[in-house]
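# Examination of the molecular architecture
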Amino acid sequence: MIAHTPTIFASVAWVALIMAFCLLVVGRFNQRDGLLTAGAGLLAHALAYVCFMYYGHAPMWLTYSVPNTLLAVALAFYSASIFRINQQAVPWLPVFGPPIILGLLMILLMDTSEPRRLAASGVLMVQCLLLILWAQNNQQPDGRAHLLLIGGAVASLIGILIRVIAIVTGLSDEMRYDISNLRQSISVSIGTVTVMMLSLGLVLLSKERIEGVLKHMALRDPLTDLPNRRAVMEQMDSEIERARRNGSTLAVAIIDIDHFKNINDVYGHLAGDAVLKHCATLMKQRLRQSDGLGRYGGEEFLLLLPETSREGAAIALDDLRAHVANTPTKFGDLNIPQHFSVGVWCGIPSTQDCGTTLLGKADTALYQAKHAGRNTLKLAEDITISALV
Ligand SMILES: Nc1nc2c(ncn2[C@@H]2O[C@H](COP(=O)(O)OP(=O)(O)OP(=O)(O)O)[C@@H](O)[C@H]2O)c(=O)[nH]1
């Protein structure tokens, strides 16, 4: 279907203007959600299409040079939004360099025909390719919003490519902005697809980013950056299920820093926090990728060792205990010694076993370890295997 080209320009301008209005109302200065930047991009997009509408009825600089530069500005703002949403510094030169180059080329090539058109198309295509690259590199884990951004940029590329093909095949007059034909209708209508996909993509990318941050906050302990109690308990449930299904052994250990109250009382709470962080770091360094360590609460950590025998668990945990006991926490000029007791349950979970029952058994072993003098390890229904260092 062939549509009246200036009318398509007007409808794309309307869509972009409405979307710009929505994002500019919602986006806020100094809030790095990228919505204000996306709104600015849409506004530039809308203005570009308003200028295109008057092609043939107003000076060439106003209906060709300015709107193409505005399109480049719009793409630059969309790209900047991707970085702002991801809380990253915007690489200003590659983002805003192209619109400056395009503006200069439009001044230099004002009196030409094909070179001017090819120059504008070339710069816009490079920007679309950069946008695709940045969207791909800045996708959220498990997110899909970047696909909309890539889709929008690819649509834009197709629209520009149609124009380029027409120019290089000697049909550039068919692509004048005041002429209506099928090729023109398709090329210009693609503007709507671009505006919708890019703006929705940016809004949804921002949503995915915020969801990711909230999820991280809900499942992480802010002090040690370990999984928190909820996260490590969820991991324990799935490890129990996996071990039961595979008939493999699982070790569940509760680690409790000894006399931690004393550390707080003698050195202060900030020193206590430093000890907790230090212990978490030391343990993370020593564990395997497949092991699960989380902060269970206060000065207690929960450790999961999948596919580990009783002997293996005892050796690994005693190694961990000795490592922590032999590596005091540096706090200012102080070297604060710390050690922990650990209670472990290890075996193939039965159908009666669940997180609560296994934790109960590990906790009983921990109680025995504390009673045995601390800085030691107890296996549930077993004897102390390590003495004080
Ligand atoms: N600095 C700091 N202290 C904490 C934190 N969470 C819990 N605590 C403190 O940890 C201390 C735990 O003390 P207790 O439960 O008596 O245990 P303990 O002194 O380690 O004694 P044992 O476990 O028997 O060896 C309490 O004083 C809590 O206030 C934290 O995030 N930071």
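The shown structure was predicted, so the numbers you read here are calculated from the model rather than taken from an experiment.

Relative to each other, helix H6 (residues 145-168) and helix H7 (residues 182-219) sit at 160 degrees, their axes nearing to 7 Å. It follows from the interaxial angle that H6 and H7 lie roughly antiparallel. The interaxial crossing formed by H6 with H7 has left-handed handedness. In terms of residue class, the contact of H6 with H7 is built from 18 nonpolar, 9 polar and 3 charged.

The predicted model of the protein chain has a mean per-residue pLDDT of 93, with 98% of residues at 70 or higher. Overall, residues 382-389 carries pLDDT values under 50, and its contacts beyond four positions in sequence, including any with other chains, amount to 23 contacts.

Now for the UniProt feature "transmembrane region" (unreviewed entry) in the protein chain. On the UniProt side, "transmembrane region" (unreviewed entry) is annotated at positions that read residues 6-27, 34-55, 61-80, 92-110, 116-135, 147-166 and 186-205 here. End-to-end, the C-alpha atoms of residues 6-27 are 31 Å apart, and along that stretch the chain is 95% helix and 0% strand. As annotated, residues 61-80 has a helix share of 100% and a strand share of 0%, and its two end C-alpha atoms lie 27 Å apart.

Two strands in a sheet stick together by hydrogen bonds in their backbones, pointing the same way (parallel) or opposite ways (antiparallel). Taken in spatial order, the 5 strands make up an open sheet running E2-E3-E1-E6-E7, and their pairing is mixed. Whereas interior strands pair on both sides, the edge strands pair on one side only; in this sheet they are strand E2 (292-297) and strand E7 (377-379). The average angle at which neighbouring strand axes cross in this sheet is 20 degrees, direction not considered. As judged from the 7 bridges shared by strand E1 (residues 250-257) and strand E3 (residues 300-306), these two strands associate in the antiparallel manner. In the sheet register, Asp256 faces E3, and the bridge partner there is Glu300.

Conventions and cut-offs
Residues numbered from 1 in each chain as written. Predicted model: local features only at pLDDT ≥ 70, side-chain atom pairs only at ≥ 80, totals over all residues. Heavy atoms only, no water. Axes fitted to C-alpha atoms, helices over the stretch in contact; angles between N-to-C directions. Helix = DSSP H or I, 4+ residues; strand = E, 2+ residues; numbered from the N terminus. Parallel < 35°, antiparallel > 145°, perpendicular 65-115°, else oblique. Left-handed = near helix turned anticlockwise from the far one by under 90°. Nonpolar A, V, L, I, M, F, W, Y, C, P; charged D, E, K, R; others polar. pLDDT = per-residue confidence, 0-100. Contact = heavy atoms within 4.5 Å. UniProt positions renumbered as here; feature names shortened; annotations may be inferred. Pairing = 2+ DSSP bridges.

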